Amino acid sequence: MASRKTSHQNRVNGDKYSVLLPTYNERENLPLIVWLLVKYFGESGFNYEIIVIDDGSPDGTLDVAEQLQKIYGEDKILLRPRAKKLGLGTAYIHGMKHATGNFIFIMDADLSHHPKFIPEFIEKQKEGDYDLVSGTRYQGNGGVYGWDLRRKLIRSASFHCRQCLLTYLAVTLISAGERQMFDLICFLLSLCLIHSRGANFLTQVLLRPGASDLTGSFRLYKKKVLESLVERCVSKGYVFQMEMIIRARQLNYTVGEVPISFVDRVYGESKLGGNEIVSFVKGLLTLFATT
């Protein structure tokens, strides 16, 4: 929790934090995540705004967001909807254009990321004047919760026994220009990426980015830094998060990390389907070949 001294300094220096919340079918989760954001920002004394970017959710998420705006005020809840589902990366770009804060938080709206960590992100950023601070599930007391032991063991074992061979084949094939076979290997490799730890491990092996959690999406950016990174990133979907860290290192931006607890969603269904996983693998290998 941020100290009173930190809160006082924040009011003096005029920092403002814009939270970008991309949503798609989050009707049940949105009221709670917004309530928690208001709670922890309010208790810490930081100036903030919450920008909801809904991509035409058929479950009525936007209707819920409009009710929340009436409750908390238009100065705190900004609605910037889009007509249809256009991808996570473009949602951040869209929301950033409307952000008035000099710092920007990105996080999931499905309660996987708890707002209680927000004061820790802010303190960490101020501690080292970091250009961005990333939440990590793989350092300190960070972790993943909501999966039973059997699920973790089976998925971990199936991932490690196949990954190295498939990665080698994919990199060899892309270098040789064997496009069709490369696509097949990407598909097979995607079967290994059953959870984020697997995707993160593969990314670490190929790209060596110097950060412990590349696939997470709970981060704090200086707005100018985020704008600079977005201009250079070419990826879409879930690989967008990974490329942001890679580009940050290339540009010598400083990266801090805060251990977080990631909780598997309680309401709704995961947006990560087979097509997204295959796209992630292709994007990862493309980055490996071009960076």
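Residues numbered from 1 in each chain as written. Predicted model: local features only at pLDDT ≥ 70, side-chain atom pairs only at ≥ 80, totals over all residues. Heavy atoms only, no water.

(A) Up close: the pairing of strand E4 (residues 103-106). Going residue by residue along E4, you find Phe103 and Phe105 tucked away on one face and Ile104 and Ile106 tucked away on the opposite face as well. In terms of strand pairing, strand E1 (residues 16-23) meets E4 through 4 bridges, oriented parallel. From the neighbouring strand, Val19 faces E4, where its bridge partner is Phe105. Here E4 runs beside strand E7 (residues 219-222); their pairing, made up of 4 bridges, is antiparallel. In the sheet register, Phe103 faces E7, and the bridge partner there is Lys222. (Buried < 20%, exposed > 50% of the residue type's maximum accessible area, 1.4 Å probe, protein only. Helix = DSSP H or I, 4+ residues; strand = E, 2+ residues; numbered from the N terminus. Pairing = 2+ DSSP bridges.)

(B) Quick look at the sheet that holds E7. What the 7 strands build is an open sheet, ordered E3-E2-E1-E4-E7-E5-E8; its pairing is mixed. Each edge of the open sheet carries a strand with a single partner, namely strand E3 (77-79) and strand E8 (255-259). Across this sheet, the average inter-strand angle for adjacent strands is 20°, counted without regard to direction. Bridge count between strand E5 (residues 132-136) and E7: 3 bridges; the pairing is antiparallel. Note that in E7 the partner of Ser134 across the bridge is Arg219. Strands in contact with helix H5 (residues 118-128) are E1, E4, E5, E7 and E8; relative to E8, the strand with the most contacts, it is inclined by about 150°. Along the sheet face, helix H10 (residues 239-250) touches E4, E5, E7 and E8 and points at about 45° away from the line of E7. (Axes fitted to C-alpha atoms, helices over the stretch in contact; angles between N-to-C directions. Contact = heavy atoms within 4.5 Å.)

(C) View of the environment of Ser57. Tracing the backbone shows Ser57 in the loop between strand E2 (47-54) and helix H3 (61-72). Among the residues examined, Ser57 registers a relative accessible area of 11% and is labelled buried. Through-space distance from the C-alpha of Ser57 to that of Lys85 is 8.0 Å; in sequence the pair is 28 residues apart. With near-sequence residues (within four places) excluded, Ser57 lies in contact with Thr23, Tyr24 and Asn25. Here Asp54 takes part through its side chain, which lies 2.5 Å from a polar atom of the side chain of Ser57. (Polar contact = N/O pair within 3.5 Å; in protein donor to acceptor, adjacent residues only side chain to side chain.)

(D) How the structure looks around the packing of aromatic side chains. Tallied over the full model, the rule gives 7 aromatic pairs. Pairing Tyr17 with Phe103 gives two aromatic rings, centres 5.2 Å apart and planes at 25°, and the pair type is stacked. With a gap of 86 residues between them, Tyr17 in strand E1 and Phe103 in strand E4 connect regions that are remote in the sequence. Judged by relative accessible area, which is 7%, Phe103 ranks as buried. By way of ring pairs, the aromatic residues Tyr17, Phe41, Phe46, Tyr48, Phe103, Phe105, Phe121 and Phe218 are connected into one cluster. Between the NZ or CZ atom of Lys39 and the centre of the ring of Tyr40, over which it lies, the distance is 5.3 Å. (Phe/Tyr/Trp six-rings, centres within 6.5 Å; stacked < 30°, edge-to-face > 60°. Lys NZ or Arg CZ within 6 Å of the ring centre and 35° of its normal.)

(E) Up close: the environment of Tyr17. Here Tyr17 falls in the buried class, since its relative accessible area comes to 0%. Placed 206 residues apart in sequence, Tyr17 and Lys223 show a C-alpha to C-alpha distance of 9.3 Å.

(F) Spotlight on the confidence of the model for the chain. On average, the chain scores 76 in pLDDT, and the residues at 70 or more come to 63%. Segment residues 1-12: pLDDT under 50, and 22 contacts once partners within four positions in sequence are set aside and those in other chains are kept. Predicted confidence is poor over residues 184-195, with pLDDT under 50, and the contacts of this stretch with residues over four places away or in other chains come to 35 contacts. (pLDDT = per-residue confidence, 0-100.)

(G) Representation of the nonpolar core within the structure. Core analysis: the biggest nonpolar cluster contains 35 residues, and Leu21, Val34, Leu37, Phe41, Ile50, Phe105 and Phe121 have the highest contact counts within it. Elements represented by at least two residues in this core include exactly E1, helix H2 (30-44), E2, H3, E3, E4 and H5. With 8 residues, H2 is the single largest residue contributor to this core. Once residues lying within four places of it in the same chain are set aside, the contact partners of Leu37 are Val19, Leu21, Ile50, Met107, Pro115 and Ile118. Counting residues in each nonpolar core, the second largest holds 28 residues, with Leu20, Leu226, Met242 and Ala248 among its members. (Core = buried A, V, L, I, M, F, W, Y, C linked by side-chain atoms within 4.5 Å.)

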